[in-house]
Each structure stands twice: as structure tokens, then as C-alpha cells.
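# Working through the structure, step by step
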Amino acid sequence: MENPNWSISEISSARRKGGRSKNAKQIRWVLLLKAHRAAGCLASLASAAVALGGAARRRVAAGRTDAEAGVVAAAGESPVVRSRFYAFIKAFLVVSLLLLAVEVAAYINGWDLADSALALPVIGLESLYASWLRFRAAYVAPGIQFLTDACVVLFLIQSADRLIQCLGCFYIHLKRIKPKPKSFALPDAEDPDAGYYPMVLVQIPMCNEKEVYQQSIAAVCNLDWPKSNFLVQVLDDSDDPLTQTLIREEVAKWQQQGARIVYRHRVLRDGYKAGNLKSAMSCSYVKDYEFVAIFDADFQPNPDFLKRTVPHFKDNDELGLVQARWSFVNRDENLLTRLQYINLCFHFEVEQQVNGVFLNFFGFNGTAGVWRIKALEDSGGWMERTTVEDMDIAVRAHLHGWKFIFLNDVECQCELPESYEAYRKQQHRWHSGPMQLFRLCLPDIIKCKIAFWKKANLIFLFFLLRKLILPFYSFTLFCIILPMTMFVPEAELPDWVVCYIPALMSLLNILPSPKSFPFIIPYLLFENTMSVTKFNAMISGLFQLGSAYEWVVTKKSGRSSEGDLISLAPKELKHLKTGSAPNLDAVAKEQLASKKDAKKKHNRIYKKELALSMLLLTAAARSLLSKQGIHFYFLLFQGISFLLVGLDLIGEQVE
């Protein structure tokens, strides 16, 4: 065959135009080729479905649930409090199943009871059903409709806020607005160290993170800054003796190569990361430094990081923080990391950048930022009162009049959580902490002497709308109210709330990462799925429940390759394998041995998500009886999404 990719339309048009005719054998080959491609697609889908089913079967057979994940409850937390949310979901599921059974029985028996027929005398089960309809319309539906309308209003307010932020980001790109230093401190050509190189303290807080300590230390020690003008503090809170030894030896190796780096390990490990940073700032030599750069254990700054951030402080005495954005080494590792990447791209590209340009305030991301030490001290320093010490110090600095700058073009490489368990714990901490902080900061916000519009922004936008209302309406509207309206059809939820506005918001969220457009539907469904974790965390933080104080270090995989580590090593040592240089082979063997000794990881079943999947699928079945097309498809796919997440089939799969 000269061209096996001919289509039937091309062959027909060629004949009509008098071109070279194609014989029946060539047409048959075209059809066979297309059939082969279709069969290949079907085989791939079937193989994926079989693999998914096998994984689900193994997950159910293993029977490991999130209750057995080994997370130690916070001191004083009652198991009754911990299971109350799950008990509510189970009770709601049972009621929904009973209502579905009643509706199916009514449908089968043909009890077509219109409003005009409800007053007619009927007997038996049909009478009971008619009584239920009257009770539902008179007493149940009004309450559900009121809650529905309230959530729709909150949904529209939050959607408007997101749209305004996107318009602000568009304006920034249109006008090419970019933070620039007030005065460029160019280095002297004859003496490179004669430029603007203030004293900088670099801190790397870590805790039992043996997978990533080596590349972070190497990256920081290779920062392009005069060695006499910066000091690296490795703040190790590890309670694992092997990890402590590995990190201490790594620090010693870099000390031998001339790096100014010190190792600190606390005896009393109180206050988690905030306590670790607070302890480090109490060292006597800190008074000699003007700025402090903070990098978490999995962050690897580029060599020019300080040269691109610190100059913004020159001749800008009101500037307290310069924040860089994150980039991700493992964003394409699995579906979970791809969906996280969409979220974080929007956070940095839109939320942080817009707030930085127009308000000079945003939440500190806890890492990849440079603080003026005077701003930290003026704001009261690090406090251990919440699990979001980064947001805490940012709010207090804002109340004291300090300004922030976000640099969207300065990136710092890091990792995304690859397992759903790690991501779930991270999100719980990120959404319970702000509610703790809001309770503590509200009196200070009201009393402080900043402008009224800044107070309003902090209270109504920063805390209430984006930290409280967003998880509240996401969970309540799509996981509770929508299923309820299927069983109480007198309460209506418009199609545009279920489909069109969420689709538009998802489209706006995905614009900063256009290559992720194929994942727009999974992203929409996954965000609604995560609302159960975020809502639970928000309630825990707001009412000071025990789980609000849980701090679990996000597990890292150490995705940087050995080649990355070699590129970070000192140039004169790249060809050496001596004990004085970072010995990559030895470290690899040590890490392999530690992995063998470590507890085996498992995928788990998440009971809340599974219960909600059953609830949504039950509501989808009920929607078929009333022929509500959009509601049915949304409930069906959302229920499947909850099912996949509940069986832990979305992130890292452990064989």
C-alpha cells in the first residue's frame, strides 16, 4: 500500500474528483487498520480496568484502614470526638439507602401521587407514602432549600473572588508588572565581593528526612554568595539515631571543604518546626546577621537564589519578606501529583502574585523565602501556638506594618507528596492551622492600628472566605445538599450550580498550567473529594479539637538523581571518591539498608471517603427515577471519584 492512512472520505472524494481510484483491497486494509487501532484502545482500557479492579480487590482483602495508619492522636483527644464526623456520614448514608428503597418501591408500584392527589384518601402503604410526601414538602424541603440558597450565595461570592484574582493576574501579565529592586547593587568587576552582600543566615529545618537531606545541604552550600557573608544552620529535629548520624556526617564533609555550616540538634523537641526555628534564632551569633533564608529539607535553591532575592531589601526598609515560588521535580509522577501541581500553580501564579503586587501581603509559604531578621523580632518571633507557624508570623508582621514581595520568576525546586496518605495529612494541617490562628489573631487584628481595609481583607477575605467558607460550602453543597435534593425534590439545586459554574472555576484554576488541561475533569472531581478532609480539618481547628494539633512530617521520596547530587558537589571534587567528599555510593548503600529496616508501607482504605462514595452513588440511583440528567452524571462520577480515593487508588501504589 502506498498510503495505509487513507480514510473512506478521502477515497470517495478522490473518485469523485477523477483521481486515481482505490481498489477494494486497499479499502479493506484501511478498515482493518482502523479496527486494529480501535481494538488496541479497547484492550488498553480493558487492561487498565482489570488492573484497577485487581488493586481494589487486594485493598479490600488486606483490610487496612486509615484508623490503623499509626497516627498518634494528639494528647487529650477522645476517640469519640475523632469518630463523630464518620458516624454522621454513616447515619446519613443509612437514611439515604432507606429513602432510596422507599422511592424504588413507590416507582415499581406506580404510586404517581401528584399534588392534587395527595388529599385523596388512600389506604395501606400508599397512605403512608402520601403522608411522607406531605411531611417532606411541608417541613423537610424548606430547611434544605434555605441551606441550599445560603451555600449557593457563598459559592457565588467565592467564585467572584476567584474571578477577580484571575483578572488581577491578567492585568499583571498585560502590564508586565514585576517587582524590581529600588537600587541595583552591581558587584565590582575587580572585586566580586565588593557589591551588596549583607550577612545572611540560611536555615534548613528537618526531622527524620533521610531521603532528601543530602541534596538540600549540597544545594545550600553551593549558593553563589561570599562564604564569609553567610552561614548555614542544619536544624535537625530527628529522633532516629541513624538519620542524625547521616546528617551530622554530611555536615562534617562540607565543613572540611570550607563551607560555613553548623549542625544543631535539640534535646527538648517542643513546638515542632516553630520551636526548632525559635531555638536556632536564640544563638548568640545571630545578632551578626541581617537576613535569614529558610529552606525545608526537600528544597533545592538555585545557586543565584540569594542574588535574586536579597537585593530587593536594599534601600527598602519597610520590606520584611521576599518569597519565591516553588517548582516540582516529580509533578508527572502520578495522577495525584499532577492534580496537586494544578492547585499549586494557581496558588503561586494567581493568589500569591496578585496579593503581593496589589496588597504587599500574602501568607508566607514556610520555605523558599528570605526574612529581614528585624521584622521577625519586631513581630514577636516564631511561636508554637499553631501548626501554621509560617502564616502566623506573616499575619503578625503585616499587623506591624511590614511589606512583602513575591517573585514569580524565582523558583526553588521541591517535591510533591506522592501518596494519598501523605497528601491527606499535609492538607489536614494546612486547613486546621488557619482556623486555630484566626481564633488567636482576631482580637489583635481588631485592635491594631492598620488601615480599615487591611483589617477587612484579613478577616473577611484571607481568613473567612478562603480558609473557612471555601471548605465549608465545597463539602456541604456537593457532598450533603446535592444528594439530599435527590431524595427531597421539592428543594431544588440549579444545573448551573452543579455543572457550569464549577466547570468555569476549574477552567480558571487550570489556566496557569495549560498543559494540564486534559486533567480538568479529574481535577474538579478530586477537589470535591478532598473537601471532606479539608472540612474535617477546618472544624477541628475552629473548635480546637485534638486533631487540630497533629503535626506529621510529609514523607519525601528523594527524587533528585545521583547526577543532580554530583552537579551540586564542589567542582574540584566531582572526580573524587575519597572520604573527604560527599560519598554518593556510601550514602546510597546506607539509604538502601535503612529502607529495608523501615516499616513496610501499605495502601489503605479510607472509611469517610468510601462512605461518601456510597452516599453519592445512592443519590445517583435516585436521580434516575426523576430523570435528572446533569445531576445523575455529576453524582455518578463524583461517587466514583470518592470510591477511587477511598480505596487509595489515586496516588503511589505499594505492591
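Residues numbered from 1 in each chain as written. Predicted model: local features only at pLDDT ≥ 70, side-chain atom pairs only at ≥ 80, totals over all residues. Heavy atoms only, no water.

The protein chain appears in an unreviewed UniProt entry as Glycosyltransferase 2-like domain-containing protein from Digitaria exilis. According to UniProt, the comment filed for the protein chain under the heading Sequence similarities (unreviewed entry) is "Belongs to the glycosyltransferase 2 family. Plant cellulose synthase-like C subfamily." (UniProt positions renumbered as here; feature names shortened; annotations may be inferred.)

Turning next to the overall build of the protein chain. Counting its secondary structure elements, the protein chain contains 19 helices and 8 strands. Counting the 655 residues in the protein chain, one finds 51% classified as buried. Counting contacts in the protein chain only where the partners sit at least 6 residues apart, residues at least 24 apart contribute 81% of the total. Carbon and sulfur atoms form 61% of the exposed surface of the protein chain, whose accessible area is close to 31200 Å². (Helix = DSSP H or I, 4+ residues; strand = E, 2+ residues; numbered from the N terminus. Buried < 20%, exposed > 50% of the residue type's maximum accessible area, 1.4 Å probe, protein only. Contact = heavy atoms within 4.5 Å. Areas by Shrake-Rupley, 256 points an atom, 1.4 Å probe, with all protein chains shown as cover.)

Tracing the backbone through its elements, the reader meets Val322 in strand β6 (residues 319-328). C-alpha of Val322 to C-alpha of Trp371: the two residues are 49 residues apart in sequence and 6.6 Å apart in space. When near neighbours in sequence (up to four residues on either side) are disregarded, Val322 contacts Thr309, His312, Phe313, Ala368, Gly369, Val370, Ile405 and Leu407.

The final tally for this structure, using the stated rule, is 26 aromatic pairs. Seen in terms of ring centroids, Phe155 and Tyr473 are 5.3 Å apart; in terms of plane orientation they differ by 50 degrees. Their pairing is tilted. Of this pair, Phe155 sits in helix α4 (residues 125-175) while Tyr473 is found in helix α13 (residues 452-487), placing the two residues 318 residues apart along the sequence. Tyr473 sits in the buried class, given a relative accessible area of 4%. Residues Trp326 and Phe348 carry aromatic rings whose centres are separated by 5.3 Å and whose planes lie at 50 degrees to one another, so their mutual orientation is tilted. Of this pair, Trp326 sits in strand β6 while Phe348 sits in helix α9 (residues 335-359); the two residues are 22 residues apart in sequence, bridging distant segments of the chain. Of the two residues, Trp326 and Phe348, neither departs from the other in class, the shared state being buried. Here a set of aromatic residues connected by ring pairs shows up, and it is made of Phe299, Trp326, Phe348, Phe361, Phe362, Phe364, Trp371, Phe404, Phe406, Phe438, Phe462 and Phe463. Its guanidinium or amino end placed over the ring of Phe462, Lys467 lies 4.3 Å from that ring's centre, counting from NZ or CZ. (Phe/Tyr/Trp six-rings, centres within 6.5 Å; stacked < 30°, edge-to-face > 60°. Lys NZ or Arg CZ within 6 Å of the ring centre and 35° of its normal.)

Before going further, it helps to examine the pattern of salt bridges. Inspection of every chain in the model, using the stated rule, returns 22 salt bridges. Residue Asp296 is joined to Lys273 by a salt bridge in which the shortest nitrogen-to-oxygen separation is 2.8 Å. Taken together, the residues span a long stretch of sequence, with Asp296 in the loop between β4 (291-294) and β5 (300-301) and Lys273 in helix α7 (residues 272-281) at a distance of 23 residues. Of the residues examined, Lys273 reaches a relative accessible area of 13% and is grouped as buried. Note that Asp392 is salt-bridged to Arg385, the shortest N-O span being 2.9 Å. (Salt bridge = Lys/Arg side-chain N within 4 Å of Asp/Glu carboxyl O.)

Here we come to the UniProt feature "transmembrane region" (unreviewed entry) in the protein chain. Sequence positions flagged by UniProt for "transmembrane region" (unreviewed entry) are, in local numbering, residues 85-108, 137-157, 468-487 and 630-650. Secondary structure content for residues 85-108 is 100% helix and 0% strand, while the C-alpha to C-alpha distance between its ends is 35 Å.

What follows deals with the side chain of Thr618. Within the secondary structure, Thr618 is located in helix α18 (residues 607-625). For Thr618, the residues in contact, after removing those within four places along its chain, are Leu93, Ser96, Leu97, Leu100 and Phe487.

This next bit is on a nonpolar patch on the surface. Residues Leu504, Leu507, Leu511 and Phe517 make up a contiguous nonpolar surface patch of about 360 Å² in total accessible area. Relative to the elements of secondary structure, Leu504 occurs in helix α14 (residues 495-510). Residue Leu504 is classed as partly exposed on the basis of its relative accessible area of 40%. (Patch = residues over 30% accessible without salt bridge, like charges linked within 9 Å, V, L, I, M, F, W, Y side chains within 5 Å.)

The next thing to look at is α18. The first and last C-alpha atoms of α18 sit 28 Å apart over 19 residues, in line with the 27 Å expected at 1.5 Å per residue. Restricting attention to buried positions, one finds in α18 the residues Lys608, Glu609, Ala611, Leu612, Ser613, Leu615, Leu616, Thr618, Ala619, Ala620, Arg622 and Ser623. (Expected span 1.5 Å × (residues − 1).)

Next up on the list: the sheet that holds β6. Pairing in this open sheet of 8 strands is mixed, and the strands run β3-β2-β1-β4-β7-β6-β8-β5 from one edge to the other. Two strands lie at the open edges of the sheet, namely β3 (261-265) and β5, each paired on one side alone. Where β6 lies against strand β7 (residues 369-372), 3 bridges are found, and the strand directions are antiparallel. The residue of β7 that forms the bridge with Val322 is Val370. Seen against the sheet, helix α6 (residues 241-256) touches β1 (200-206), β2 (230-236) and β3 and runs at an angle of roughly 160 degrees to β3. Each of β1, β2 and β3 is contacted by α7, which is oriented at about 145 degrees to β1, the strand it contacts most. (Pairing = 2+ DSSP bridges. Axes fitted to C-alpha atoms, helices over the stretch in contact; angles between N-to-C directions.)

Glancing now at the packing of α13 against α14. Closest axis-to-axis distance for the α13/α14 pair is 12 Å, and the angle between their directions is 160 degrees. Between α13 and α14, the angle is such that the two are roughly antiparallel. Between α13 and α14 lies a crossing of left-handed hand. Of the residues in α14, those touching α13 at Leu477, Phe478 and Leu482 are Val497, Val498 and Pro502. (Parallel < 35°, antiparallel > 145°, perpendicular 65-115°, else oblique. Left-handed = near helix turned anticlockwise from the far one by under 90°.)

Let us now look at the environment of Cys441. When you line up the elements, Cys441 lands in helix α12 (residues 420-447). Between the alpha carbons of Cys441 and Val395 there is a distance of 8.3 Å; along the sequence they are 46 residues apart. Once residues lying within four places of it in the same chain are set aside, the contact partners of Cys441 are Arg385, Asp392 and Val395.

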